[in-house]
Amino acid sequence: MKKLILVFTLLLAIYNNVSAQDTFFQYPTPPQSIEGFYPRCNYMVEHFWDRCDMKRAFSSRAKMKSAFEDYMQLVGQAQADTAMASVDNLILRVRKADAKNLLTLGTIAREVLYSDSAVMFSEQLYYPFAKAVAECGKISSADRASFVYEAGILGTSQVGMTLPDITFTRPDGTKGSLSDAGRKRVVLMFFDPDCDDCRMISVMQSTDTNLKQLHEKGFLQLVMLYPGEPNEEFKRKAATFPEEWIVGANPDLDTMFNFPMMPTVYYLSPKYKILAKNLDTSRLFEMYRMLNTNVPAAE
């Protein structure tokens, strides 16, 4: 409750010339000359760490984490370019003060942005922190190892990046690849045969009129991939899917992608550029509806 009250106070400060109390250091207050929610929020994000002594801040990890959580609540309200520039500036300030503290900052960022219990899960925001730790030579290779792994995955699977032609094993044992989809848009769905949500969404997709018509129009291809061995359980599950779906298994997929949940969904251009990712059920089926409404019938 106390944290919710503080967040409310922070957001209230965007509108009023007041400062949040009982914080690790003095948070910024937007000047009255700056008007509008986003300009004021942008100001707070840009200047959030101005009064923080980075040489001493990490002496209290708990307080630093609390301040970081407050900061990220504001970052979530700011415009994207301002938010990312502020994150880069924070990393730069910590590196200049004491590069070894990047390990603590990265660990805090992981807890807040990337862990199973993340306050606000965001691969895009976490990636710069993981990358900074992974590239810091003043941190031991053992301490950097998990960040190197995470930065490697996130550095190739962000929105706007292009995926390689992923290979996989089909249920019949033959080899396939993403290029089997042809020159179509692709919904790439990672699933687990034991996942209840995967089973539910698979059933919903198999009966979804919009998805079926998008297949018939030659506009979109659904590709279902299991990040595991092409075992008998996978084959039994694959046998329940409509024949127009492309289905495969590859145990090395977890070296290329993060799976914050199952199923994990990517939307790709015909050249495998990531247009959207981590689509939830409602967004996915709304996307099918909107695409089908706007794509003309095949001639």
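The coordinates are above.
Nothing here was measured: the structure is a model prediction, and the numbers come from that model.

S.K.: What am I meant to see in the overall build of the chain here?
M.R.: Within the chain one finds 11 helices and 7 strands. Based on the C-alpha atoms only, the size of the chain along its principal axes is roughly 60 × 45 × 35 Å. Evaluated residue by residue, the chain yields a buried proportion of 47% over its 299 residues. Element-wise, carbon and sulfur atoms account for 51% of the exposed surface of the chain, whose accessible area totals about 14800 Å². For the chain, the distance from the average site of its 33 positive side-chain charges to the average site of its 35 negative ones is 6 Å.

S.K.: Before we go on, may I ask you to explain helix 7 (residues 141-154) in this structure?
M.R.: Spacing of three or four residues puts side chains on the same side of an α-helix, whose turn is 3.6 residues. For helix 7, built from 14 residues, the straight-helix expectation of 20 Å at 1.5 Å per residue is met to within 8% by its first-to-last C-alpha distance of 19 Å. Of all the bends in helix 7, the greatest measures close to 30° and is centred on F147. Here helix 7 has its buried residues at R144, F147, E150, A151, I153 and L154. Structurally, helix 7 contributes buried residues whose contacts are with helix 5 (102-113) and helix 6 (123-134).

S.K.: Any chance you could explain the packing of helix 2 (residues 37-47) against helix 4 (residues 80-98) here in plain terms?
M.R.: Running from N to C, helix 2 and helix 4 point in directions that differ by 10°, and their axes come no closer than 9 Å. In this view, helix 2 runs roughly parallel relative to helix 4, as classed from their interaxial angle. Residues N42, V45 and E46 of helix 2 lie in contact with helix 4, whose contacting residues are T82, A83 and S86. Residue composition of the contact of helix 2 with helix 4, grouped by class: 2 nonpolar, 3 polar and 1 charged.

S.K.: Would you mind going over the packing of aromatic side chains with me for this structure?
M.R.: Within a pair of aromatic rings, the relevant descriptors are the distance that separates the centres and the angle that separates the planes. For the structure on display, the rule yields 23 aromatic pairs. Seen in terms of ring centroids, F24 and F25 are 6.1 Å apart; in terms of plane orientation they differ by 55°. Their pairing is tilted. Judged by centre distance (5.3 Å) and plane angle (65°), the rings of F25 and Y27 are edge-to-face. Note on accessibility: F25 and Y27 belong to one class, buried. Between R110 and the ring centre of F147, over which it is positioned, the NZ or CZ distance is 4.0 Å.

S.K.: Any chance you could explain the nonpolar core here in plain terms?
M.R.: Across soluble globular proteins, nonpolar side chains show a tendency to be buried alongside one another. W49, F68, Y71, M72 and F129 are the most contacted members of the largest nonpolar core, which totals 45 residues. For this core, the element with the most residues is helix 6, which contributes 8 residues. Ignoring any residue separated from it by four or fewer positions in sequence, one finds F129 in contact with F68, M72, V87, L90, I91, L105, G106, A109 and L113. If you look at the next biggest cluster of nonpolar residues, it comprises 28 residues, including I201, L214, L220 and A238.

Quick notes on the rules
Residues numbered from 1 in each chain as written. Predicted model: local features only at pLDDT ≥ 70, side-chain atom pairs only at ≥ 80, totals over all residues. Heavy atoms only, no water. Helix = DSSP H or I, 4+ residues; strand = E, 2+ residues; numbered from the N terminus. Buried < 20%, exposed > 50% of the residue type's maximum accessible area, 1.4 Å probe, protein only. Areas by Shrake-Rupley, 256 points an atom, 1.4 Å probe, with all protein chains shown as cover. Lys, Arg positive; Asp, Glu negative; His and termini not counted. Charge placed at Lys NZ, Arg CZ, Asp CG, Glu CD. Expected span 1.5 Å × (residues − 1). Bend = angle between axes of the 7 residues up to and from the residue. Contact = heavy atoms within 4.5 Å. Axes fitted to C-alpha atoms, helices over the stretch in contact; angles between N-to-C directions. Parallel < 35°, antiparallel > 145°, perpendicular 65-115°, else oblique. Nonpolar A, V, L, I, M, F, W, Y, C, P; charged D, E, K, R; others polar. Phe/Tyr/Trp six-rings, centres within 6.5 Å; stacked < 30°, edge-to-face > 60°. Lys NZ or Arg CZ within 6 Å of the ring centre and 35° of its normal. Core = buried A, V, L, I, M, F, W, Y, C linked by side-chain atoms within 4.5 Å.

The values reported here are purely geometric and, on their own, carry no functional implication.
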